[in-house]
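# Architecture and fold: a report
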Amino acid sequence: MGAREYDESDVRIRPGKGSRPRTKTRPDHADAQSAMVVTVDRGRWGCALDRDPHHRVVAMRARELGRTPIVVGDDVDIVGDLSGRPDTLARIVRRGERRTVLRRTADDTDPTERVVVANADQLLIVVALADPPPRTGFVERALIAAYAGGLKPVLCLTKSDLADPEPFAAQFADLDLTIVTAGREDPLDVVAPMLSDQVTVFLGHSGVGKSTLVNRLVPEADRATGEVSGVGKGKHTSTQSIALPLDGTGWVIDTPGIRSFGLAHIQPDDVIQAFSDLAETIDDCPRGCGHMGPPADPECALDTLSGPAAGRVGAARHLLAVLNES
């Protein structure tokens, strides 16, 4: 039997997947609206359109953003259904440049940094004067994170009815640090004006009175943190941050009570740059200088300073010592 001859009727043409050519061109989303991320819940982001706390929508991350991290405080552009009605979902198509970041690592050996909050102006470090007793180490670590991330730190002392705030506050005198008291019976006429027109992150260990302070400043906080995010079934718990609007202008970002605050991602220069009167001086330091002074850094330019600046050098080096111990 001879070999079979084939003609064009025997050839099967595989149909294409479509007539439209593939392209990498992406829409520019010129009609996108700006918003601030106020909640995060398992792949869904609550966003306040134009920072209006009364116009909130739930959004997902657009495919073109890939795994771009988005956290509370981020400025984003969103498209889609912006009505905010139940069961509607918009899309985040852009994340803006971050002005500031509060970062931490899980511990001091973890190389992976995590952005806790973006674009905050201030970090309110909440510390109880008793029950639990205050720890300078936590404050120092929070200060380092604030300086490195571009936030203004404020030390807020609670439970002032149980202990005198002066001895603990005196340990930070050379840092030119704003220190306020906000015990349960203390008026908030000093704290509240500091938060106006600002985005302020509240940071503290569990049990220091942070939630009590948040509820005094934002009476609706209990209701807001108990609401379902909009699409998820879980409620806000101590594992999530949330941005809460103040009565006037400004936002309070309540963070979960933390157990550790790793600093593995921070370098000595990040700390010194936060001190305006020291930042220019380290330009004259030799390469690789750790700014600790003799004997570790015998040619550190900070040793040439005198007067009040020299006192600041001592305070800054104490923070660097905390960082080096990490």
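The name given to the protein in an unreviewed UniProt entry is Ribosome small subunit-dependent GTPase A, and the organism recorded there is Mycolicibacterium septicum DSM 44393.

We now examine the packing of aromatic side chains. Taken as a whole and assessed by the stated rule, the structure comprises two aromatic pairs. Centre to centre, the rings of phenylalanine 168 and phenylalanine 172 are 5.5 Å apart; their planes meet at 65°, and the pair counts as edge-to-face.

Further remarks concern the nonpolar core. Counting residues in hydrophobic clusters, the biggest one holds 54 residues, and the most contacted among them are Leu123, Ile125, Val139, Leu155 and Leu175. Ignoring anything within four residues of it in the chain, the contact list for valine 139 reads Ile125, Val127, Leu155, Phe168 and Phe172. One finds Leu124, Val218, Ile242 and Leu244 within the second-largest nonpolar core, a separate group that totals 21 residues.

Turning our eyes to something else, we now look at a negative patch on the surface. Together, Asp269, Asp270, Glu280, Asp283 and Asp284 make up a negatively charged patch on the protein surface. The topology assignment puts glutamate 280 in the loop between α7 (276-279) and α8 (308-325).

Our next topic: the pairing of strand β5 (residues 90-95). Where strand β3 (residues 56-61) and β5 come together, three bridges link them in parallel fashion. Note on β5: the bridge partner recorded for arginine 61 is isoleucine 92. Pairing of strand β4 (residues 75-80) with β5 involves five bridges; the strand directions are antiparallel. Residue pairing for β5: aspartate 77 is matched across the bridge by arginine 94.

Criteria and thresholds
Residues numbered from 1 in each chain as written. Predicted model: local features only at pLDDT ≥ 70, side-chain atom pairs only at ≥ 80, totals over all residues. Heavy atoms only, no water. Phe/Tyr/Trp six-rings, centres within 6.5 Å; stacked < 30°, edge-to-face > 60°. Core = buried A, V, L, I, M, F, W, Y, C linked by side-chain atoms within 4.5 Å. Buried < 20%, exposed > 50% of the residue type's maximum accessible area, 1.4 Å probe, protein only. Contact = heavy atoms within 4.5 Å. Patch = residues over 30% accessible without salt bridge, like charges linked within 9 Å, V, L, I, M, F, W, Y side chains within 5 Å. Areas by Shrake-Rupley, 256 points an atom, 1.4 Å probe, with all protein chains shown as cover. Salt bridge = Lys/Arg side-chain N within 4 Å of Asp/Glu carboxyl O. Lys, Arg positive; Asp, Glu negative; His and termini not counted. Charge placed at Lys NZ, Arg CZ, Asp CG, Glu CD. Helix = DSSP H or I, 4+ residues; strand = E, 2+ residues; numbered from the N terminus. Pairing = 2+ DSSP bridges.

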